[in-house]
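Listed below are the residues making up each chain.
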Amino acid sequence: MIKILFGTITLSATLRLATPIIIAAVGGSFSHKAGTFNIAFECFMLFGAFFGAYGSYLTGSPMAGALLAAVSGGVLSLVFGLFVFILKANPMIISIAMNNGAWAVTTLMLTLVWGVRGSFVSPEIVSFKTLDIPVLRNIPYIKNIANNQIILVYMAYAIIIIGTIIMYKTKFGLRVRGIGINDVAAQTAGVNVGATKWIALIIMGTMVAFAGAYCPLCGLSTFSENMTAGRGFLAYASVLVGDGNPLVSGLIAVVFAYADALMLTLTQKGYPTQLIQTFPYVAVIIVLFVTNIKRLQKGLDNKIANSILI
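Reading the values: rules and limits
Residues numbered from 1 in each chain as written. Predicted model: local features only at pLDDT ≥ 70, side-chain atom pairs only at ≥ 80, totals over all residues. Heavy atoms only, no water. Axes fitted to C-alpha atoms, helices over the stretch in contact; angles between N-to-C directions. Helix = DSSP H or I, 4+ residues; strand = E, 2+ residues; numbered from the N terminus. Parallel < 35°, antiparallel > 145°, perpendicular 65-115°, else oblique. Left-handed = near helix turned anticlockwise from the far one by under 90°. Contact = heavy atoms within 4.5 Å. Nonpolar A, V, L, I, M, F, W, Y, C, P; charged D, E, K, R; others polar. Salt bridge = Lys/Arg side-chain N within 4 Å of Asp/Glu carboxyl O. Buried < 20%, exposed > 50% of the residue type's maximum accessible area, 1.4 Å probe, protein only. Phe/Tyr/Trp six-rings, centres within 6.5 Å; stacked < 30°, edge-to-face > 60°. Core = buried A, V, L, I, M, F, W, Y, C linked by side-chain atoms within 4.5 Å. Patch = residues over 30% accessible without salt bridge, like charges linked within 9 Å, V, L, I, M, F, W, Y side chains within 5 Å. Areas by Shrake-Rupley, 256 points an atom, 1.4 Å probe, with all protein chains shown as cover.

Can you tell me about the packing of helix H2 (residues 8–33) against helix H13 (residues 231–242), naming the residues and giving the values?
Look at H2 against H13: their axes get within 8 Å of each other, and the N-to-C directions meet at 50°. The angle between H2 and H13 places the two elements in the oblique class. The element H2 and its partner H13 pack so that their crossing is right-handed. Together, Pro-20, Ile-21, Ala-24, Ala-25, Gly-28, Ser-29 and His-32 of H2 and Arg-231, Leu-234, Ala-235, Ser-238, Val-239 and Leu-240 of H13 make up the contact between the two elements. Within the contact of H2 with H13, the residues separate by chemical class into eight nonpolar, four polar and one charged.

Shown next as structure tokens:
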């Protein structure tokens, strides 16, 4: 069992499976910190998966497909912002509508563009190639985990660092966090609240959709209905648990991916499939439970401290 838990197969799969969740979670951290309620991660990611595949199919370049996916996310951000910021619609209703509509719309586009239902597989959907990194190649154990991954895998972990620096070491990050705490005070201090919320929302949309492009371009060269299969919800759960901290949210995404990788490994070993398939969801519940217990304990300690001072 130890070999399964810490084996190179499980850990290598964890790096790969965590990639779209990490990128989406880091992007979603900005809109969360800005105080914008948005749970339409699955919608953005699914559209990103479709346009990532379509862009690669048209151009023969996986990076072009990923960039087209990011553009589609930016457009969806404008649609969401139009309803929520300008028309003052309920963000929960808009999020649910977008999530429910994404499967239908991408299935329709699958039929219109490629004339099939279910899935479309083609070598013309060019996937990213794996990278052989000399430094990693010569490190025992690590080479079997981290080497020969596609570029998006390495980008994901760099994005965690970049997102954390932007959030906590730049004026923009300070403004985003200030608006989330008290937008009236931020506006009084001269911050353009509306523009900052729009920028944070667009960052969220482009990055979540960019994350979705990983699904068809990670080597599968295919697009299928509901291809993201709940990864958007895992990314949103990561944001909630991490409270919009890109570093913590990214690490939580790795935990969820590890549970998913462990499920796949144990399934191949012949363990009961029905039980093992619950692992990722159990991991989400446990992490949320532990996090909320800590927050409740912290709140209780604050109340006790205040009562003593009074």
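Can you lay out the pattern of salt bridges for me, pointing to particular residues and giving the numbers?
In this structure the tally under the stated criterion is two salt bridges. With a shortest N-O distance of 3.2 Å, Arg-137 and Asp-132 are connected by a salt bridge. The exposure class of Arg-137 is partly exposed, given its relative accessible area of 39%.

Tell me about the packing of aromatic side chains, and please be specific about residues and values.
Evaluated as defined, the whole model comprises twelve aromatic pairs. For the ring pair Phe-30 and Phe-172, a centre distance of 6.3 Å and an interplane angle of 25° mean the geometry is stacked. Taken together, the residues Phe-30 in helix H2 and Phe-172 in helix H9 (residues 171–181) connect sequence positions 142 residues apart. The exposure class assigned to Phe-30 is buried, which follows from its relative accessible area of 3%. Assessed through its relative accessible area of 22%, Phe-172 is described here as partly exposed. A centroid spacing of 6.0 Å and a plane angle of 20° characterise the contact between Phe-50 and Tyr-54, whose relative ring orientation is stacked. Of this pair, Phe-50 and Tyr-54 are both found in helix H3 (residues 41–59), four residues apart, which corresponds to roughly one turn of the helix. When its relative accessible area of 25% is taken as the criterion, Tyr-54 is described as partly exposed. Among the aromatic residues, ring-to-ring pairing joins Phe-47, Phe-50, Phe-51, Tyr-54, Tyr-57, Trp-114, Phe-120 and Phe-223 into one connected group.

Give me the packing of H2 against helix H14 (residues 246–268): which residues, what numbers.
Packing of H2 against H14 leaves a shortest axis separation of 7 Å and a crossing angle of 145°. Note on packing geometry: the crossing formed by H2 with H14 is right-handed. Residue-level contacts link Ile-9, Thr-10, Leu-11, Ala-13, Thr-14, Leu-17, Ala-18, Ile-21, Ile-22, Ala-25, Val-26 and Ser-29 of H2 to Pro-246, Ser-249, Gly-250, Ala-253, Val-254, Ala-257, Tyr-258, Asp-260, Ala-261, Leu-262, Leu-264 and Thr-265 of H14. Split by residue class, the contact of H2 with H14 holds 17 nonpolar, six polar and one charged.

Go over the nonpolar core, please, and point to the residues and values.
With 73 residues, the main nonpolar core has Met-98, Trp-114, Phe-223 and Phe-256 as its most contacted residues. For this core, the leading source of residues is H2, giving ten residues. Look past the residues within four positions of Met-98 in its chain and what remains in contact with it is Ala-40, Cys-43, Phe-44, Leu-76 and Phe-80.

Now, about a nonpolar patch on the surface: what can you tell me, with residues and values included?
On the surface, a nonpolar cluster with roughly 650 Å² of combined accessible area is contributed by Leu-68, Val-71, Val-75, Val-79, Leu-82, Phe-83, Ile-86 and Leu-87. With respect to the helices and strands, the residue Leu-68 is situated in helix H4 (residues 62–86).

Tell me what's going on with unusual backbone geometry, and back it up with residues and numbers.
With a phi angle near 60°, Lys-88 is a residue other than glycine that sits in the positive phi range. With respect to the helices and strands, the residue Lys-88 is situated in the loop between H4 and helix H5 (91–114). Of note in the backbone geometry, Ser-221 takes a positive phi value of approximately 55° without being a glycine. Summarising the element assignment, Ser-221 is placed in the loop between helix H12 (214–217) and strand E4 (222–224). Owing to a relative accessible area of 14%, Ser-221 belongs among the buried residues under this scheme.

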